[in-house]
Amino acid sequence: MRAVIIGSGIGGLLTSSFLAKNGYEVTVLEKAPYLGGRFTNLNYKGFGLSTGAFHMLPHGEDGPLAYLLKLLGANVQIVNSNPKGMIFYGGKTFHYREGWKYLGWREKARATKLLLDIKRGKLPVDDPEMSGREWIREKIGDNEFADLFIKSFLGWADSVLDVPAGELAREIKAALKWGGPGLVKGGCKVITDELARLTEANGGKILTRKKAVEIEPEEKKVITADGDELNYDVLISNIGIKETVELIGRDYFDRDYLKRVDSLKPSEGIKYNVALKGKPRIGNTVVFTLDTERINGYNEPSSISPELAKEGYTLIMLHHALQSKNVRAEQRKGIEDIYRIFPNLDDEGEILLIQTYLNGNPVNRVASGQTVEDFPVKDVYIVGDAYKLPGGIEVEGIALGVMRNLEKLGLGTFGEWYL
């Protein structure tokens, strides 16, 4: 069986590893000169930044991505965060559990009941028009702290400031089920490099600077920019649903499907990489920032991987979900927030690099809560940030999507992981 994978992001390489392990003749096509897409390391001024993600998995060593890596026997170390999270509010940074003191006794009782209901699987009806934040207000009460926390969580986790109620409930369920985040020892590149190694160790080929420009589903063939033609029995696309449709040709799809695809919205955001002098500041955790106008949260990958920072420094990564297309104005507000969090930044360090994700390179091609379940072309499967199953945050959602496709190919059963 011949498998062609277009794109070497985390979804493509995760799938290629399983296919190669199961005897498929695998070829991965990557248009860039490097592997990993938005899940690899970027060397900059002596720091190990990332092309996209934060060197962190939303559910650490207990989530779906870690589970798939274990099935593959991947040599990857993931260290769960301790504490699971912290909060910056009222000018102070504290353990997330202390946040309960900002709720009244009635709000605490309602919040406790809501968490128990979610844990038991009592989720809101899937209504895309029902706002997740409004649903929380209805269930708990109009509490400013609770709303700011949910806003911060969504901005950090999904790079949007709201999602449908059903999606938010499933993301909360995932956190209750699989726990908090964890850092990848050595950063994102460790995972994608290991998946590439596993693919090649099982006979797969990975070709960089190899751009797919056309898919011919009737002849089951992929054509590349340099004129090569690759036949497939199974085609895996890691470049997005819209992009895959364009490679096949819009005439191949019915009007209703194209309307659904065209309605998909990406999530977009800005990442700030900050170098601070001295030892780690917060350690292996994530800080949700409620006192800020734009920044939603930050972490410190060098706290467990000192090699990601230049000697004598620690690396902080901050993120905010874009609220407008005026990128300069958004960045100015984000920088103001950074000085709010680190008022002595000019004396203690510097902003190394600002990475903006929008238009053709969004944080996620399809924002959370907008899954298109089945691709209507036989033997073609979508993976990556355009196919995240409900409740799956970032790469955990990508892993869930890979699980679903592996099931369709008869390469495993993963029903217990779906939310």
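Residues numbered from 1 in each chain as written. Predicted model: local features only at pLDDT ≥ 70, side-chain atom pairs only at ≥ 80, totals over all residues. Heavy atoms only, no water.

Student: Explain unusual backbone geometry to me, please; I cannot follow it from the model alone.
Tutor: Put simply, N82 and P83 share a cis peptide bond, and its omega is 5°. Here P83 is to be found in the loop between strand 6 (78-80) and strand 7 (86-89). Positive phi, normally seen in glycine, also occurs at K45, with a value near 55°. Positionally, K45 belongs in the loop between strand 3 (41-44) and strand 4 (47-50). Positive phi, normally seen in glycine, also occurs at N359, with a value near 55°. Within the element layout of this structure, N359 appears in the loop between strand 19 (349-357) and strand 20 (380-382). (Helix = DSSP H or I, 4+ residues; strand = E, 2+ residues; numbered from the N terminus.)

Student: Would you mind showing me how to read the pairing of strand 15 (residues 269-277) here?
Tutor: On a regular strand, one side chain projects to one face of the sheet and the next to the other, so that they alternate. Extensive coverage of strand 15 is indicated by the burial of eight of its nine residues. Inspection of the sheet shows strand 15 paired to strand 18 (residues 313-321) by nine bridges, in the antiparallel sense. Looking at strand 18, one finds that K277 is bridged to Y313. Across eight bridges, the pairing between strand 15 and strand 19 is antiparallel. By the bridge assignment for strand 19, K271 is matched with Q355. (Buried < 20%, exposed > 50% of the residue type's maximum accessible area, 1.4 Å probe, protein only. Pairing = 2+ DSSP bridges.)

Student: Even after reading the chapter, I still don't get the sheet that holds strand 17 (residues 297-299), so can you show me in this structure?
Tutor: Adjacent strands of a sheet form backbone hydrogen bonds with each other and so pair up, either parallel or antiparallel. As summarised here, the arrangement of the seven strands in space is 8-7-16-17-18-15-19, forming an open sheet in which the pairing is mixed. Either end of the sheet is taken by a strand with one partner, and the two such strands are strand 8 (92-95) and strand 19. Looking at each pair of strands side by side, their axes are set apart by 25° on average, direction ignored. Of the pairings in the sheet, the one linking strand 7 to strand 8 comprises four bridges and is antiparallel in character. (Axes fitted to C-alpha atoms, helices over the stretch in contact; angles between N-to-C directions.)

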